[in-house]
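Fold and contact review
What follows is the residue order along each chain.
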Amino acid sequence: MHDDGGVGLLSPDDSLLVVVDVQPGFLARDWFSESDAAAALTALDRIVWLVALAARLGIPVLVTEEEPERNGVTDARVAERLPAGTPVVRKPTFGLAGTPEILDRVRQSGRKAVVVVGCETDVCVAQSAIGLRDEGFDCVVVADATFSPGEMHAHGLERLASAGVARNHAKGVTYEWLRSVDAARAVLGGPGLPPPPFHL
């Protein structure tokens, strides 16, 4: 951990990807505007990409769900890309660090850097990331792989910035995990990945 709250380059050997509440109840509401729906799809494309890349690189993934009986289970596009044995844990608190079972799973991963994606940026993502940072983890929120409707996405990112939580974007995380041209050619040109949601 950097004393200024910053986080150095991510390593695939020390990263845990946490997927927060990527459920229909947060991604597809009846009252969404066209721009909300487009933003949700953009974030989902990047979440799917990072989950698939994590699986390809052997990076562990942890998934949370809030009230799945009300909000639905994790989006099918994400679920089908999860590494075998990925825990999917019910989250009764907005911030995952407030649920001892989930915090224990993060600790048991043995990973120091937690990369957070999911919904919603201003509530569960922000509270989870700040809580993880307060528990001593290097926490990075992937700004274009998180979602809240309307202005709440920007408000969530502002809250994270004010709390000193590091932010990155999906392409940045991709290349930090890969680190070299040879690794990029081997991984990005190989099987197991969906079409990239941005220009590689």
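Everything in this summary refers to the structure shown in the same document.

Cut-offs applied
- Per chain, residue numbering runs from 1 following the sequence as it is written.
- A pLDDT threshold of at least 70 governs which residues receive local features in this predicted model, and a stricter bar of 80 or more applies before side-chain atom pairs are shown or counted, although totals over entire chains, interfaces and linings include all residues.
- Excluded from the side-chain calculation are hydrogens and water; included are all heavy atoms of the structure.
- When a carboxyl oxygen of Asp or Glu lies within 4 Å of a side-chain nitrogen of Lys or Arg, that pair is called a salt bridge.
- Comment: elements are numbered from the N terminus, with helices defined as DSSP H or I runs of at least four residues and strands as E runs of at least two.
- Each residue's exposure class comes from its accessible area (1.4 Å probe, protein chains only) as a fraction of the maximum for that residue type: buried when under 20%, exposed when over 50%, partly exposed otherwise.
- As used here, the arc is the angular range of directions from the helix axis to the C-beta atoms.
- It only takes one pair of heavy atoms within 4.5 Å for two residues to be counted as in contact.
- Planes of paired rings set the category: under 30 degrees apart is stacked, over 60 is edge-to-face and the rest tilted, where pairs are Phe, Tyr or Trp rings (Trp by its six-membered ring) whose centres lie within 6.5 Å.
- For two strands to be treated as a pair, DSSP must find at least two bridges joining them.
- Think of each axis as a best-fit line through the C-alpha atoms, taken over the contacting stretch in the case of a helix, with angles from 0 to 180 degrees between the N-to-C directions.
- Any angle between 65 and 115 degrees counts as roughly perpendicular, while under 35 counts as roughly parallel, over 145 as roughly antiparallel, and the rest as oblique.
- Classification used: nonpolar for Ala, Val, Leu, Ile, Met, Phe, Trp, Tyr, Cys and Pro, charged for Asp, Glu, Lys and Arg, polar for all others including Gly.

Here we take up the pattern of salt bridges. This structure, assessed with the given rule, holds 11 salt bridges. Bridged by salt links that share partners, the residues Asp-21, Glu-66 and Lys-91 form one connected network.

Another aspect to go through is the environment of Asp-14. The residue Asp-14 is located in the segment before strand E1 (15-20) in this model. On the accessibility criterion, Asp-14 (28% relative accessible area) is partly exposed. Each C-alpha atom of the pair Asp-14 and Ala-113 lies 5.9 Å from the other, and the pair is 99 residues apart in sequence.

Turning our eyes to something else, we now look at helix H7 (residues 152-162). Looking at H7, one finds that the buried residues are Gly-156, Leu-157 and Leu-160. Buried residues of H7, viewed axially, fall in a sector of 95°; they line one side. Residues of H7 that are exposed and point more than 90 degrees away from the buried face comprise Glu-158 and Ser-162. At its buried positions, H7 is contacted by helix H6 (121-134), strand E5 (138-147) and strand E6 (166-168). Positive backbone phi, at 80°, marks Gly-164, one or two positions downstream of H7.

How two aromatic rings sit relative to each other is set out by the distance from centre to centre and by the angle between their planes. With the rule as written, the count across this model stands at three aromatic pairs. Pairing Phe-32 with Phe-147 gives two aromatic rings, centres 5.6 Å apart and planes at 65°, and the pair type is edge-to-face. Of this pair, Phe-32 sits in the loop between helix H1 (24-27) and helix H2 (34-57) while Phe-147 sits in strand E5, and the two are 115 residues apart along the sequence. Using a relative accessible area of 2% as the deciding quantity, one classes Phe-147 as buried.

With that settled, the discussion passes to the sheet that holds E6. Strands pair in a sheet through their backbones, by hydrogen bonds, and they do so in one of two ways: parallel or antiparallel. Judged by pairing direction, the sheet is parallel, and its six strands sit side by side in the order E3-E2-E1-E4-E5-E6 without closing on themselves. Only two strands of the sheet have a single partner each, and these edge strands are strand E3 (88-90) and E6. Adjacent strand axes in the sheet meet at a mean angle of 25°, parallel and antiparallel pairs treated alike. Direction of pairing for E1 relative to strand E2 (residues 61-65): parallel, over a ladder of four bridges. Across the sheet, residue Leu-17 finds its bridge partner in E2, namely Val-61.

Another aspect to go through is the packing of H2 against helix H9 (residues 181-188). Running from N to C, H2 and H9 cross one another at 105°; their axes reach a closest spacing of 11 Å. Overall, the two elements H2 and H9 adopt an arrangement that is roughly perpendicular. Where H2 abuts H9, its residues Trp-49, Leu-53, Arg-56 and Leu-57 lie against Ala-186, Val-187 and Leu-188. Its residues placed into classes, the contact of H2 with H9 shows six nonpolar, no polar and one charged.

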